[in-house]
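Next come the chains, spelled out residue by residue.
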Amino acid sequence: MTLIVQKYGGTSVGTPERIAAVADKVITTRDRGNRVVVVVSAMSGETNRLLALADQISDKPVPRELDVLLATGEQVTIALLSMALEHRGCTARSYTGGQVHILTDSAHNKARIREIEDKRIHADLDAGHVVVVAGFQGVDEHGNITTLGRGGSDTTAVALAAALKADECQIYTDVDGVYTTDPRVVPDARRLHRITFEEMLEMASLGSKVLQIRSVSFAGRYNVPLRVLSSFEEGEGTLITYEDEKMEQALISGIAFNRDEAKLTVIGVPDTPGVAHQLLGPIADANIEVDMIVQNIAPDGATTDFTFTVNRNDYKRALDILTRTATIMGARQVSGDNKIVKVSLVGVGMRSHAGIASTMFGTLAKEGVNIRMISTSEIKISVVVDEKYLELAVRSLHDAFGLSQPPKV
Ligand code: ADP
Ligand code: ASP
Ligand code: MG
């Protein structure tokens, strides 16, 4: 018997009617002779609502209690979906993350899964039940409730699929697959039939929120066949897979963007060994992740200018810390900008083709989009631009690389 893990995101379980439709889909899958484990997110908007409530109580809620609060969202949907299944004559068992021992580390609000106990789930499946598990949550070794970071239900689904050795993990969402870019920004973006783990990992890490990045790395590591599909219409969706000869041989497979960016600059720091460490050490100590870094020697040869990006949520804290460090180090000036975005081209085809960067820069120049920072790796090129240019940059690049058309074989 085939074992399938299906995950339904917030919009897919956003109303009682949609939960009923999910129950019908689950039953259809089961009636085709499959064993089914379902992972659900909280109803759309619920996690944000809970975060806003916490914000009204404290501007710095205790992470442990925030997890206790956030985990309630998914507990509502497992119960409602299981009721809907039972109402249709399908026996179902709902479980919170703790109940099926989704054991995580103790990093509240961004915990990592360490282990999943599969016995109970297998016993339920053997007994003919559909198992419904709350996404996004687990427990640490002391029994504290933890959550896995925004979008974490994807990771719950893939981790469960890996632990249960499922035949496929299906991520049902409000788009019918992974597109060349977010179809909400570029309406003529094209759905990809397949994308490699490597490319999907880059897309996710560069801001494409269709899959949480950890779910993709899990799937790649444990070789879980992963598919993104629509909850609302039939279709084959997008398969995330290893590179093979059947892959579409596109130079660029997609464009990702990230609106959660901010950049900080220090000008005129005396250029001595250890400058980068001195500037970034306190930022790291405050648990702030740094993304792009650019350092440039000033024309005087004695000082250096230093720019880096952080998540927009960390901007104020990072600016405070940097201002303090820069003053101690005798820097000339500190500035920041939290109205920037990062736009990235991703594609394994880039490895063997020169000239992609120059087409990218030329396209943006023609549209009058000023590039503030650039960073490249083997399969991606990222630029930082002003927030107001995001749509223009993404659309013009999508056009320039002909991404609406299937690649020529
Ligand atoms: P869910 O609540 O089901 O987890 P998400 O909102 O997390 O759904 O992810 C789906 C959304 O991801 C889509 O509505 C779409 O706007 C966005 N998205 C961003 N980049 C892409 C892409 N390349 N392909 C498809 N969707 C994308
Ligand atoms: N409910 C959580 C969130 O909104 C987890 C998820 O939906 O994947 O981020
Ligand atoms: Mg999601």
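For the structure, see preceding data.
Below you will find a few notes about this structure. (Residues numbered from 1 in each chain as written. Chains lettered and ligands numbered in written order. Predicted model: local features only at pLDDT ≥ 70, side-chain atom pairs only at ≥ 80, totals over all residues. Heavy atoms only, no water.)

**A few points about the side chain of Thr-29**
With respect to the helices and strands, the residue Thr-29 is situated in helix α1 (residues 16–31). Residues contacting Thr-29, with those up to four places away along its chain left out, are Ile-4, Gln-6, Asn-34 and Val-36. (Helix = DSSP H or I, 4+ residues; strand = E, 2+ residues; numbered from the N terminus. Contact = heavy atoms within 4.5 Å.)

**Focus on the site of ligand 2**
Around ligand 2, the surrounding shell consists of Ser-41, Ala-42, Thr-47, Glu-74, Phe-136, Arg-150, Gly-151, Gly-152 and Ser-153. Ser-41 has a polar side-chain atom sitting 3.1 Å from an oxygen atom of ligand 2. Here a nitrogen atom of ligand 2 and a side-chain polar atom of Glu-74 are 2.7 Å apart. The fraction of the free accessible surface of ligand 2 (270 Å²) that becomes covered by protein chains is 86%. (Near = heavy atom within 4 Å. Polar contact = N/O pair within 3.5 Å; in protein donor to acceptor, adjacent residues only side chain to side chain. Areas by Shrake-Rupley, 256 points an atom, 1.4 Å probe, with all protein chains shown as cover.)

**Thoughts on the packing of helix α10 (residues 356–366) against helix α11 (residues 390–400)**
Running from amino to carboxyl end, α10 crosses α11 at an angle of 130 degrees, the nearest separation of the two axes being 10 Å. Compared by their axis directions, α10 and α11 come out oblique. Classified by chirality, the crossing of α11 by α10 is right-handed. Of α11, the residues touching α10 (which contributes Met-360, Thr-363 and Leu-364) are Ala-393, Ser-396, Leu-397 and Ala-400. (Axes fitted to C-alpha atoms, helices over the stretch in contact; angles between N-to-C directions. Parallel < 35°, antiparallel > 145°, perpendicular 65-115°, else oblique. Left-handed = near helix turned anticlockwise from the far one by under 90°.)

**Thoughts on the site of ligand 1**
Lining the immediate surroundings of ligand 1 are 17 residues, of which Thr-173, Asp-174, Tyr-179, Asp-182 and Arg-184 lie closest. Take Asp-174: an N or O atom from its side chain is 2.8 Å from an oxygen atom of ligand 1. A distance of 3.4 Å separates an oxygen atom of ligand 1 from a polar backbone atom of Lys-209. Protein burial of ligand 1: of its 580 Å² of free accessible surface, 84% is covered by the chains. Each residue belonging to the shell around ligand 1 can be placed in one class, and the counts come to 6 nonpolar, 6 polar and 5 charged. (Nonpolar A, V, L, I, M, F, W, Y, C, P; charged D, E, K, R; others polar.)

**With respect to helix α9 (residues 315–329)**
Compared with the 21 Å implied by 1.5 Å per residue over 15 residues, the 21 Å span of α9 between its first and last C-alpha is a close match. Regarding α9, the residues found buried are Tyr-315, Ala-318, Ile-321, Leu-322, Thr-325, Ala-326 and Met-329. For α9, the angular spread of buried residues about the axis comes to 135 degrees, placing them on one side. In α9, those exposed residues whose orientation departs by more than 90 degrees from the buried face are Lys-316, Arg-324, Thr-327 and Ile-328. Among the structural elements, β13 (254–270), α8 (275–285), β15 (303–311) and β16 (333–346) are those in contact with the buried residues of α9. Backbone geometry just downstream of α9 places Gly-330 in the positive-phi region, at approximately 75 degrees. (Expected span 1.5 Å × (residues − 1). Buried < 20%, exposed > 50% of the residue type's maximum accessible area, 1.4 Å probe, protein only. Arc of directions from axis to C-beta.)

**Regarding the pairing of strand β6 (residues 130–134)**
Burial within β6 is extensive, with 5 of its 5 residues counted as buried. Residues Val-130, Val-132 and Ala-134 point to one face of β6 and Val-131 and Val-133 to the other, with burial holding for every one of them. Sheet topology note: the strand β2 (residues 34–40)/β6 ladder contains 4 bridges and is parallel. Bridge assignment links Val-39 to a residue of β6, and that residue is Val-133. Examined bridge by bridge, strand β3 (residues 92–95) and β6 share 4 bridges and lie parallel to one another. Bridged to Ala-92 within β6 is Val-130. (Pairing = 2+ DSSP bridges.)

**A look at unusual backbone geometry**
Backbone geometry at His-101 places phi at a positive 55 degrees, although glycine is not the residue there. Its location among the elements puts His-101 in the loop between β3 and β4 (102–104). For His-101, a relative accessible area of 44% translates into the label partly exposed. Notably, Asn-287 is not glycine yet its phi reads approximately 65 degrees, a positive angle.

**Examining the sheet that holds β6**
Reading across the sheet, the 8 strands line up as β3-β6-β2-β1-β9-β11-β12-β10 and stay open at both edges, with mixed pairing between neighbours. A strand with exactly one partner marks an edge of an open sheet, and here the two such strands are β3 and β10 (194–196). On average, each strand axis in the sheet is tilted by 20 degrees relative to the strand beside it, whichever way the strands run. Relative to β3, helix α3 (residues 63–87) is tilted by about 175 degrees, and along the sheet it contacts β2, β3 and β6.

**What to know about the pairing of β2**
Of all 7 residues making up β2, 6 are buried, and the element is well covered by its neighbours. Bridging between strand β1 (residues 2–8) and β2 involves 7 bridges; their strand directions are parallel. Considered in β2, the bridge of Lys-7 is made with Val-39. Handedness of the β-α-β unit built from β1, α1 and β2 comes out right-handed. (Right-handed = clockwise from strand over helix to strand, strands pointing away.)

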